[in-house]
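If you want the building blocks of each chain, they are given just below.
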Amino acid sequence: VLRLHPQDKVGLARWPEGAERDNTPRRGRPSFNDVYCVVTMSSTVGVHAVLAGVPTVAVDQTSMTRVPAHTVSLADLTMVPDIDELIPSWQRKRPAWVNFLAHSQWSVAELASGEALKHALAYLPARLPTADGTQVTKLVSLPSSSR
């Protein structure tokens, strides 16, 4: 069953053979009953699928399910036949991925105060490499309320 993004007004130029189109309006969290796997570009449905324990293929590298070091999805459809073998690995990675995801969400107030920047800078080395191979010390001025 294929379901396009709700804002997609054009659709696929050619539907895969045997594919059934689902245009049912949805509200709230998706249901994954009887779903073998979810294929997405970078939609939040991929996040919902991983949280529900459903194997996921995210073909866009910007997908939140393909965070480096915490990848919990396949990158392309050619690996789908091996998906059952990968599930235990994803189940082990999922808690770290959820933790990373939770620490990547910031409110406007946290962004304005510099708290989000302070958190991100903690993960950077004291000296940053530049394109020409030299290194520069990171110098960032944070708002006084976040120091």
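This text goes with the structure placed above it.
This one's a predicted model, so the numbers in the text were calculated from it and none came from an experiment.

1. Thoughts on helix 2 (residues 83-102)
Count 3.6 residues to each turn of an α-helix, and residues three or four apart come out pointing the same way.
Here's step 1: Where helix 2 bends most, the angle comes to about 40 degrees, and this point is Arg 94, followed within four residues by the proline Pro 95.
Here's step 2: The complete set of buried residues in helix 2 reads Ile 83, Trp 90, Trp 97 and Leu 101.
Here's step 3: Looking at the buried residues of helix 2, the elements they touch are helix 1 (44-51) and strand 2 (56-58).

2. A closer look at helix 1
Here's step 1: Buried residues of helix 1: Gly 46, Val 47, Ala 49 and Val 50, and no others. Down the axis of helix 1, the sector holding all buried residues measures 160 degrees, keeping them to one side.
Here's step 2: Of the residues trailing helix 1, Gly 53 is marked for its positive phi of about 85 degrees.

3. A look at the nonpolar core
Here's step 1: Val 47, Val 50, Val 67, Val 72, Trp 97 and Leu 101 form the largest nonpolar core, which has 6 residues in total.
Here's step 2: Looking at this core, the elements with two or more residues in it are helix 1 and helix 2.
Here's step 3: Once residues within four sequence positions are removed from consideration, Trp 97 is found in contact with Val 47, Val 50, Leu 51, Met 64, Thr 65, Val 67, His 70 and Val 72.
Here's step 4: Val 57, Val 80, Ile 83 and Trp 90 belong to the second largest nonpolar core, which has 5 residues in total.

4. Considering the environment of Trp 97
Here's step 1: Its place among the elements puts Trp 97 in helix 2.
Here's step 2: On the basis of relative accessible area, Trp 97 is assigned to the buried category, the value being 0%.
Here's step 3: With 46 residues separating them along the chain, Trp 97 and Leu 51 place their C-alpha atoms 10.0 Å apart.

Criteria and cut-off values
Residues numbered from 1 in each chain as written. Predicted model: local features only at pLDDT ≥ 70, side-chain atom pairs only at ≥ 80, totals over all residues. Heavy atoms only, no water. Bend = angle between axes of the 7 residues up to and from the residue. Helix = DSSP H or I, 4+ residues; strand = E, 2+ residues; numbered from the N terminus. Buried < 20%, exposed > 50% of the residue type's maximum accessible area, 1.4 Å probe, protein only. Contact = heavy atoms within 4.5 Å. Arc of directions from axis to C-beta. Core = buried A, V, L, I, M, F, W, Y, C linked by side-chain atoms within 4.5 Å.

Any link to function would need more than the numbers given here.
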